[in-house]
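Tertiary structure, described
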Amino acid sequence: MQLYSTRNTSLRFSLEEAVMKGLPADNGLFMPLEVPKMPATFFSNIENHTFPELSFEVAKALIGDSIPIPALEQIVFNAINFPAPIVSLDERTFILELFHGPSLAFKDFGARFMAQLMGYFNRNADKELTILVATSGDTGGAVAAGFLGAPGVRVIILYPSGKVSFLQEQQLTTLGNNITALEIQGSFDDCQALVKEAFLDPELNQLYRFSSANSINIARLIPQSFYYFEAYRQLPNKDIPFVFSVPSGNFGNLTAGLFAKRMGLPVQHFIAATNLNDIVPDYLSSGIYTPKPSVSTLSNAMDVGNPSNFNRILDLYGSTWNNIKSDVIGFAFDDIHTENIMRNIFESKAYILDPHGAVGLLGLNAYKKLHPNTQGIVLETAHPAKFLPDVERILKRSIPVPEKLVALEHLEKKSTLLSPQFIDFKDWLIHDAR
Ligand SMILES: *Cc1c(COP(=O)(O)O)cnc(C)c1O
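Analysis parameters
- Residues numbered from 1 in each chain as written.
- Predicted model: local features only at pLDDT ≥ 70, side-chain atom pairs only at ≥ 80, totals over all residues.
- Heavy atoms only, no water.
- Helix = DSSP H or I, 4+ residues; strand = E, 2+ residues; numbered from the N terminus.
- Rg over C-alpha atoms; globule rule 2.2 N^0.38 Å.
- Buried < 20%, exposed > 50% of the residue type's maximum accessible area, 1.4 Å probe, protein only.
- Contact = heavy atoms within 4.5 Å.
- Areas by Shrake-Rupley, 256 points an atom, 1.4 Å probe, with all protein chains shown as cover.
- Lys, Arg positive; Asp, Glu negative; His and termini not counted.
- Charge placed at Lys NZ, Arg CZ, Asp CG, Glu CD.
- Salt bridge = Lys/Arg side-chain N within 4 Å of Asp/Glu carboxyl O.
- Phe/Tyr/Trp six-rings, centres within 6.5 Å; stacked < 30°, edge-to-face > 60°.
- Lys NZ or Arg CZ within 6 Å of the ring centre and 35° of its normal.
- Pairing = 2+ DSSP bridges.
- Right-handed = clockwise from strand over helix to strand, strands pointing away.
- Core = buried A, V, L, I, M, F, W, Y, C linked by side-chain atoms within 4.5 Å.
- Arc of directions from axis to C-beta.
- Near = heavy atom within 4 Å.
- Polar contact = N/O pair within 3.5 Å; in protein donor to acceptor, adjacent residues only side chain to side chain.
- Nonpolar A, V, L, I, M, F, W, Y, C, P; charged D, E, K, R; others polar.
- 1 Å grid on protein atoms, 1.4 Å probe; cavity = no way out; pocket = protein on both sides within 12 Å on 5 of 7 lines; lining within 4 Å.
- Points joined across faces, edges and corners; volume = space filled by probe spheres on them.
- Axes fitted to C-alpha atoms, helices over the stretch in contact; angles between N-to-C directions.
- Left-handed = near helix turned anticlockwise from the far one by under 90°.

A count of helical and extended segments in the protein chain gives 19 helices and 14 strands. Expected size for 434 residues packed as a compact globule is a radius of gyration near 22 Å; at 20 Å, the protein chain falls within 12% of this value. Along the first, second and third principal axes, the C-alpha set of the protein chain runs to 60 × 50 × 45 Å. Looking at the protein chain as a whole, 60% of its 434 residues are labelled buried. Restricting to contacts in the protein chain with at least 6 residues of sequence separation, those with at least 24 account for 75%. For the protein chain, the exposed area adds up to about 16,400 Å²; of that, 50% sits on carbon and sulfur atoms. The protein chain carries 35 positive and 44 negative side-chain charges, and their two centres are separated by 3 Å.

Following this line, the structure appears as structure tokens:
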């Protein structure tokens, strides 16, 4: 597998360089040079495969000769060790539950695969690897769980103070060991900017061997393409045209879906479903990309004002608005609509959506008004109990909480409060972190 940078398409990088650096030095984004088509037999046999098996087939096609096949098989089977079932709400509406991993969110797939891959590439290194990660909610928990206890790896998580849920914060701040949490007095965009600046700072790069664990790392995107195939495998009627609705923030999940389509998955459209941070739906309708400061919403893991994977989508489609529009349809929704659909689905189907999945279902419903003869799969990106106070307030009842979360509630929070100024973050990295 070879990669290039979106800023300089003539440079070539190995998978190891791309995974370990996270970002190219020119501040672009790594992209695979080739996204190969899966053979027809893969699709005709897909029902005979398990989720880990089909993931391995996709990984082999994408990653190819970058990792010896037995090592790659081990990486895939270690990372993809929990299911991604589809649940039917009605004959044409399916929920792809991506929350059965350790942190109860879809980011477990990317984080676990990346941790496995970095562990593999780091196997002979002598300097500690420092993973810097900005999170708007679930990334940190997934990354922390994915890397916890990994030898030779240190994880530093930056999250916006007061803007993540209690349980998300507990997931970030209670693990200890090789995981450190920084509480930034600013927005997610501030956290993301601090991480980007640290990667580009020469002095810090003398002291640290940095890597990133954001959705910008290509190692996060690769496994996120697997479950689109897994959803397809489970579709009872594959003859009806189908779409995916992807509740989106930084657009890593959706970008991974677009890779799956390039690999031959016969999906008709992707729905970019957002909350009021509607930069991409706006772009899809106007052709003009206007980043904005993020606004706080109920679906807070999608409160992103300048989606970091947008340039990957542009790059995949030769920066042509019309080409993007032919694959991706965008819709944005406010919290009132989100709350209403959560109540409706609970009352009519006894199914509990989390606020992010609810935005996804709103997107699918809006799409179906325009394209009635389709079936849709909504990515349910987190377990509803991760957003317990909101979900219980909205549904006006208590909901079951998985054992993994109950245990978290009583652990002691350990974090360091920092301003959003780079100078403070740098100072902390130089003087306090080590
Ligand atoms: C991160 C996250 C999203 C957004 O995913 P992107 O890949 O950043 O678009 C949606 N829902 C939940 C629960 C998340 O944690």
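Applying the stated criterion to the full structure yields twelve salt bridges. When the shortest N-O distance is used, the salt bridge between lysine 238 and glutamate 47 registers 2.6 Å. Within this pair, whereas lysine 238 is found in the loop between α10 (218–234) and β10 (242–247), its partner glutamate 47 is found in the loop between α2 (40–44) and α3 (51–63), the two being separated by 191 residues in sequence. For lysine 238, a relative accessible area of 21% puts it in the partly exposed group. For glutamate 47, a relative accessible area of 52% translates into the label exposed. The partner of glutamate 339 in a salt bridge is arginine 343, and the shortest N-O contact between them spans 3.9 Å. Within this pair, glutamate 339 and its partner arginine 343 are both found in helix α15 (residues 335–349), separated by four residues, close to a single helical turn.

Our focus in this paragraph is the packing of aromatic side chains. Per the stated rule, a full pass over the model turns up 24 aromatic pairs. When the ring of phenylalanine 56 is compared with that of phenylalanine 77, the centres are 6.4 Å apart and the planes differ by 70°; the resulting orientation is edge-to-face. Of this pair, phenylalanine 56 sits in helix α3 while phenylalanine 77 sits in helix α4 (residues 69–79), and the two are 21 residues apart along the sequence. Summarising the aromatic geometry, the rings of tyrosine 228 and phenylalanine 270 are spaced 5.9 Å apart at their centres and angled 75° between planes, so their arrangement reads as edge-to-face. Taken together, the residues span a long stretch of sequence, with tyrosine 228 in helix α10 and phenylalanine 270 in strand β11 (residues 269–274) at a distance of 42 residues. Taken as a pair, tyrosine 228 and phenylalanine 270 share a single burial class, namely buried. Within the aromatic cluster, the residues linked to one another by ring pairs are Phe42, Phe43, Phe51, Phe82, Phe109, Tyr227, Tyr228, Phe229, Tyr232, Phe242, Phe244 and Phe270. It is lysine 238 that lies over the ring of tyrosine 232; its NZ or CZ is 5.4 Å from the centre. The ring of tryptophan 321 carries lysine 325 above its face, with NZ or CZ at 3.8 Å from the centroid.

Let's shift gears to the pairing of strand β7 (residues 153–160). Across the eight residues of β7, eight count as buried, placing the element largely inside the fold. Residues of β7 alternate between two faces, with Val153, Val155, Ile157 and Tyr159 on one and Arg154, Ile156, Leu158 and Pro160 on the opposite face, all of them buried. In terms of strand pairing, strand β6 (residues 129–134) meets β7 through six bridges, oriented parallel. When the sheet's bridge partners are listed, valine 133 is paired in β7 with isoleucine 157. Bridge count for β7 against strand β8 (residues 179–184) is six bridges, and the pairing is parallel. Each bridged residue has a counterpart across the sheet, and for leucine 158 the counterpart in β8 is leucine 182. Taken together, β7, helix α7 (residues 166–173) and β8 constitute a β-α-β crossover, and its handedness is right-handed.

Among the nonpolar cores identified, the biggest contains 97 residues, and Leu15, Ile67, Tyr227, Tyr228, Phe229, Phe244 and Leu265 are the most heavily contacted of them. Here the element with the most residues in this core is α10; it accounts for ten residues. Other than its neighbours up to four places away in sequence, phenylalanine 244 contacts Tyr228, Ala231, Leu265, Val267, His269, Phe270, Ile271, Ile377 and Leu379. Judged by nonpolar contacts, the second largest core, of 38 residues, contains Leu298, Tyr367, Ala385 and Ile399.

The next thing to look at is α4. All buried positions along α4 are accounted for by Ala71, Leu72, Ile75, Val76 and Ala79. Viewed along the axis of α4, the buried residues span an arc of 135°, placing them on a single side of the element.

On to the site of the ligand, then. Near the ligand lie 15 residues; those nearest to it are Lys107, Gly249, Asn250, Phe251 and Thr381. One of the backbone N or O atoms of asparagine 250 is found 2.8 Å from an oxygen atom in the ligand. One of the backbone N or O atoms of phenylalanine 251 is found 2.8 Å from an oxygen atom in the ligand. Protein chains shield 98% of the accessible area of the ligand, which is 380 Å² for the free molecule. When its residues are assigned to classes, the shell around the ligand shows six nonpolar, seven polar and two charged.

Another point: the layout of surface pockets. Roughly 370 Å³ of volume is contained in the largest pocket. Secondary-structure elements contributing two or more residues to the lining of the largest pocket are α8 (188–200) and α13 (310–316). Split into classes, the residues belonging to the lining of the largest pocket amount to seven nonpolar, eight polar and four charged.

So, on to the packing of α10 against helix α11 (residues 252–262). Running from amino to carboxyl end, α10 crosses α11 at an angle of 65°, the nearest separation of the two axes being 8 Å. The chirality of how α10 crosses α11 is right-handed. Mapping the contact onto sequence places Leu221, Gln224, Ser225, Tyr227, Tyr228 and Phe229 in α10 and Gly252, Asn253, Leu254, Thr255, Ala256, Gly257, Phe259 and Ala260 in α11.

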